[in-house]
Amino acid sequence: MAESNKNEVAGSEFRAAVDEILLHAVAAEPATANTKEIYKALSFVARRQLAKRWVNTQVEDRRKRARRVYYMSMEFLIGRTLDNALSALELREKAAAAFAGAGGPSLGEIIECEPDAGLGNGGLGRLAACFLDSMATLELPSWGYGMRYEYGMFAQSIINGIQVEHPDSWLVDGTVWEFQRPGTVFPVRFGGNAEHHGEWAEWNAAEAVEARAYDYVIPGHGTERVSTLRLWKADAPAQIDLNAFNSGDYARAAEFKNRFENISWVLYPNDSTPAGRELRLRQEYFFVSASLQDIIFHHLEEHGHLNNLADQIAIHLNDTHPAIAVAELMRLLCDEYGMLWTTAWSQCRRIFSYTNHTLMPEALETWPVSLIQHLLPRHMLIIYRINQEFLAEVERRFPGDMDLIRSVSLIDEGNGQEENKRVRMAYLSIVGSHHVNGVSQLHSDLMMRTIFAGFARLYPERFHNKTNGVTPRRWLAQANPDLSSLLDRTIGRDWRLDLERLRKLRPLADDADFQADFAAAKRVNKVRLADYIQRETGVMLDPNSLFDVQVKRIHEYKRQLLNVLHVITRYNAILHGLADHAVPRCVLFAGKAASSYQMAKQIIRLINDIAAIINHDPRVKDRLKVVFVPNYSVSIAELIIPAADLSEQISTAGTEASGTGNMKFALNGALTIGTEDGANIEIRDNVGSENIFIFGNNAQQVEILRRSGYDPRAIYQSNPQLNEALNKIDGGFFSPQERRRYHDLFNSLVNYGDHYLLLADYAEYVATQKQVDGLYQTPAEWRRKAILNVAGMGPFSSDRTIREYAIDTWNLGASLKKV
């Protein structure tokens, strides 16, 4: 039978299975079902197979009494599930054939029906999702634990250039993909007081909330094993205050329910108020406590005792949000299960490992001692005891070294003022863990030399590097089908499970036919993105222009403002008739500003004000376009990243821990312009320094510059291009109806220290952008370098990262799938 006929038969059989679900589970007539109903039925077809795989995986792990890893994270940015599920189940071709005929939606249109799961915000959550994909694919016995946010972070719209936040109601229609576990409910307590009784203590809590479990099945690729993502929803112990309701006080009746259930409403509630900060701590403890209770419950069910707990489980803390787990595990083992403190602490330090994601001291999470005492009084006692014993150890090893003792104490004494005392959550994570890692080689080195120098002196063997990675299944095979198809035809399909096979592309970098096919795939992606942007924003982009992209969380250290300064400089050059060397360029921004981060919101507004001027200036024509793409998400990233020609990775050296966007862009054939920061350095080392645009001060030079008395005003006064660009911002050129709108922003750069050294790197950044223009004018050479970027991305698979964790950190090397 011809291949096309086989596909048609397979497609018709698959469509019949979908139609059966439509009729019996969705209650829709197959002939008249709408796209959302078809999406639901198709998802149920995939879900049934995933459920079977989940059951088989759990049965096998229980039979083997497998050692498991539990990955705790506040975020899991998993995006849409259907497309990934179909690929993992090897059903995608059948599904595409089933919906290829006229008269109904295509598979692509069906997939578009699914909202992104609102379970994260940025790189932290996307990394966690990549890791779960790799854990399943590598057949590790593994669970992720997080929160089932009802509204995610927020949905972003841009109104008059301003970020406006709306509830992200991703669960408004429910979701096919979660499995509620009605029998899995744990109490999580808050407040009250704690009293010591010898070795143990009694916590008399003031209130309790119920944690209810919802599971997502994370399929592996090339295997029938899966991982589990268990999410917790907060439920009030009683749904309403019935007495208040019956007396007609309906508001108070609902308030009882909301006071408990708001814990799992929104990711990262605004922490600019005391109530917001308290809610964040409640969230962190809520998901940690429920997760640890669940882990211990299953361990006892399987083993009957806790003596071998550290032999059977590994718990990984993804940043400091789950750090309270160290104190909670000690509470559970000592207070609930009667384990001696020394025995429990020994187990604890063999169980936990911790990934740090920041080098900025102000970003290391701390909590007021008074707040922890109020919400978690027993945990504060535990933290004090851990600290007391730890500092006694430090004193024994380094007698009289008070500077070291102060630098590593879990308690910041707040200059002796009781109200200023804070608990350093990263320090708690380090003291309670057996392994601590950074996420790029530079980050790990700086981490040991700066923020954790005292701990590195105490425990040098505890610190390691695990450079981040991304899953090629999502970020190449799924996001970029045209390039993936070209790779399949050229080097086979195995790169999905072994990304190092991309090295086979290196000999083809100069091949004219391969270059042409590579460029054709890029153009398809650029046309697709241009169509989307025109629909969403009304701005028309020319796919022949260079697509210059910076998409990430809006933050000063990520230096979207440096990109803005180059855009204005480029605009000025066009107006002055000095841009003959420049290629037409579309500069694309996307990302969300935290709701309480006013400077980040101002940056978004400035970008949109600049876009409004430039895009409507007839003198510019199509030589420069600026677009801010609203409501950045995983699914939007899957549109933008494959279409990018140039990837902006321009954070101040020494501030970005790693980055994973840089990896995704290079994997999809974009060239990087970036600083020597995070994983940019390792990308350069793997793709070749001649195939990446590196500029600016490195981390050591940044440190010297700051120590020597950096003067941004002198740079502003001495550089005419920079002076003109900044004066346009400050003088209201881009905000003619409110000329002082960006005066504070101007001052932050020129008069108040320019903390992230934008002005120091400006001249070299602009000069490097001219090199970008020159190279883009030589298409064959640009394509050659882009192909070599793809060919060099083998080490940046999350499969490689998880292999390293499994072997070096979690003691799960024996469980890894053999390649």
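The structure this text deals with has already been given above.
Each value, and the rule that gives it
Residues numbered from 1 in each chain as written. Predicted model: local features only at pLDDT ≥ 70, side-chain atom pairs only at ≥ 80, totals over all residues. Heavy atoms only, no water. Phe/Tyr/Trp six-rings, centres within 6.5 Å; stacked < 30°, edge-to-face > 60°. Helix = DSSP H or I, 4+ residues; strand = E, 2+ residues; numbered from the N terminus. Buried < 20%, exposed > 50% of the residue type's maximum accessible area, 1.4 Å probe, protein only. Contact = heavy atoms within 4.5 Å. Pairing = 2+ DSSP bridges. Salt bridge = Lys/Arg side-chain N within 4 Å of Asp/Glu carboxyl O.

**Focus on the packing of aromatic side chains**
Applying the stated rule across the entire model yields 22 aromatic pairs. With a centroid separation of 5.9 Å and 10 degrees between ring planes, the pair formed by Phe390 and Phe455 is classed as stacked. One end of the pair, Phe390, is in helix H14 (residues 377-397); the other, Phe455, is in helix H18 (residues 453-458), and 65 residues separate them in sequence. Here Phe455 falls in the buried class, since its relative accessible area comes to 1%. A centroid spacing of 6.4 Å and a plane angle of 50 degrees characterise the contact between Tyr571 and Phe734, whose relative ring orientation is tilted. Highlighted residues: Tyr571 in helix H22 (residues 560-575) and Phe734 in the loop between helix H29 (720-730) and helix H30 (743-750), separated in sequence by 163 residues.

**Regarding the side chain of Ser43**
Of note, Ser43 is situated in helix H2 (residues 35-64). Look past the residues within four positions of Ser43 in its chain and what remains in contact with it is Leu82, Val176 and Trp177.

**Some remarks on the sheet that holds strand S17 (residues 546-551)**
Pairing is parallel in the open sheet, where six strands are placed in the order S19-S18-S17-S20-S21-S22. Where the open sheet ends on each side, the last strands, each with one partner, are strand S19 (624-629) and strand S22 (693-694).

**As for the pattern of salt bridges**
Applying the stated criterion across every chain yields a total of 57 salt bridges. The partner of Glu207 in a salt bridge is Arg282, and the shortest N-O contact between them spans 2.9 Å. Taken as a pair, Glu207 in strand S8 (residues 207-219) and Arg282 in helix H9 (residues 274-303) lie far apart in primary sequence, 75 residues in all.

**Points about the pairing of strand S2 (residues 142-147)**
The element S2 is extensively covered by neighbouring structure, given that six of its six residues are classed as buried. Of the two faces of S2, the one holding Ser142, Gly144 and Gly146 and the one holding Trp143, Tyr145 and Met147 are both buried throughout. Bridge count between strand S1 (residues 68-72) and S2: four bridges; the pairing is parallel. When the sheet's bridge partners are listed, Val69 is paired in S2 with Ser142. For S2 and strand S9 (residues 226-235), the ladder comprises five bridges, and the chain directions are parallel. Counted as the bridge partner of Gly144 is Leu229 from S9.

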